[in-house]
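Chain by chain, the residues:
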Amino acid sequence: MAAFSEQHVLSVRHWTGSLFSFRVARPASFRFRSGEFVMLGLKVDGKPLLRAYSIASPAWDDGLDFFSIKVADGPLTSRLQGIKEGDEILLGTKSVGTLVHDALLPGKRLYLLSTGTGIAPFASIIRDPETYERFEQVILTHTCREAAELAYGEELVASLKDDPLVGEHAHKLIHYTSLTREDHPRTGRITALMDSGQLWDETGGPLDPASDRVMICGSINMINDCKARVEAAGLEEGSNARPGAFVVEKAFVG
Ligand code: A2P
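Because the structure is a prediction, the values reported are computed rather than measured. (Residues numbered from 1 in each chain as written. Predicted model: local features only at pLDDT ≥ 70, side-chain atom pairs only at ≥ 80, totals over all residues. Heavy atoms only, no water.)

Caption draft 1: Fine view of the sheet that holds strand 2 (residues 19–25). Within the open sheet, the six strands sit side by side as 4-3-6-1-2-5. Their pairing is antiparallel. Each having just a single partner strand, strand 4 (47–54) and strand 5 (63–69) make up the two edges of the open sheet. On average, each strand axis in the sheet is inclined to that of its neighbour by 35°, with strand direction left out of account. Two strands pair when backbone bridges link them, and strand 1 (residues 4–16) and strand 6 (residues 88–96) are joined in this way by five bridges, in the antiparallel orientation. Its bridge partner being in strand 6, Q7 is matched across the sheet by I89. (Pairing = 2+ DSSP bridges. Helix = DSSP H or I, 4+ residues; strand = E, 2+ residues; numbered from the N terminus. Axes fitted to C-alpha atoms, helices over the stretch in contact; angles between N-to-C directions.)

Caption draft 2: Molecular detail of the site of the ligand. Taken together, the residues surrounding the ligand are T115, T143, C144, R145, T180, R181, R189, T191, N221, M222 and D225. Contacts to the ligand include T180, whose side-chain N or O atom sits 2.7 Å from an oxygen atom. In the complex, the protein chains occlude 79% of the 550 Å² of accessible area that the ligand would expose alone. Looking at the shell around the ligand, the elements with two or more residues in it are strand 8 (137–144) and helix 7 (220–232). When residues in the shell around the ligand are grouped by element, the largest group, three residues, is from helix 7. (Near = heavy atom within 4 Å. Polar contact = N/O pair within 3.5 Å; in protein donor to acceptor, adjacent residues only side chain to side chain. Areas by Shrake-Rupley, 256 points an atom, 1.4 Å probe, with all protein chains shown as cover.)

Caption draft 3: Layout of the environment of G107. Position of G107 among the secondary structure elements: in the loop between strand 6 and strand 7 (109–115). Its relative accessible area of 19% is what places G107 among the buried residues. Put simply, G107 and D212 are 105 residues apart on the chain and 5.7 Å apart in space, counted from C-alpha to C-alpha. Ignoring sequence-local partners within four residues, the contact set of G107 consists of R134, F135, S211 and R213. (Buried < 20%, exposed > 50% of the residue type's maximum accessible area, 1.4 Å probe, protein only. Contact = heavy atoms within 4.5 Å.)

Caption draft 4: The arrangement of unusual backbone geometry in detail. The phi torsion at D45 lies on the positive side, around 50°, for a residue other than glycine. With respect to the helices and strands, the residue D45 is situated in the loop between strand 3 (37–44) and strand 4. Residue classification places D45 among the exposed residues on the basis of a relative accessible area of 76%.

Read these as spatial facts, not as claims about activity.
Below, the structure is given as structure tokens:
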């Protein structure tokens, strides 16, 4: 089987000067688990240039959504940001990842900690009915520098109550936003909100290794800093082979 196929771009939306999302056709044979990523890219000078991208749409959807930053001198995103409806992109045939339910033990609360485009895999997970079968409460945290960067997540969460599959569970989701470089009802890095106890106070109490599960997605530093705090609370990292209390993934950009 080929490593990738060519797929049509169905739509593109620019959220800010540095963030855009796009939707591509989903090959009938393409299967994935919510939270996974896939290689995606363009042909540059006749050669494939691919990067890992989290799939931001749910596993049952006809299309595949992606949420990306634009890096001015990034080999791929400097070009990818110019795609238009009807263009072709390259899509890997296989998806993988650790931000999946299979890597977590059963629990009651699920924390999805994200910064920036790290919200992408969680855009998939919060629209997966399995998430609400497995957990009583889901807390999606999203921290960005500026308010405009929260819009993608805000629109997504607002649309959840009208979602035919998970709409009835929308009340179980807490969308917990904070900003670090602009005024907002809540300010500060997610790590600072953990350290001060504000995150736990506002979402029902301290992290409990017996019943709380955590997925972390952001920059490498964000992941390491969150991981240290979650481990200090007594949670053990899980994997596909050995489910645990938390899992991490970095937001792949370039
Ligand atoms: P800050 O503005 O204080 O750097 P970035 O675009 O650099 O990945 O940042 C996205 C968001 O993640 C910003 O709000 C940023 O805060 C925050 N952030 C950056 N590094 C960390 C970290 N090590 N731990 C927690 N949050 C972080």
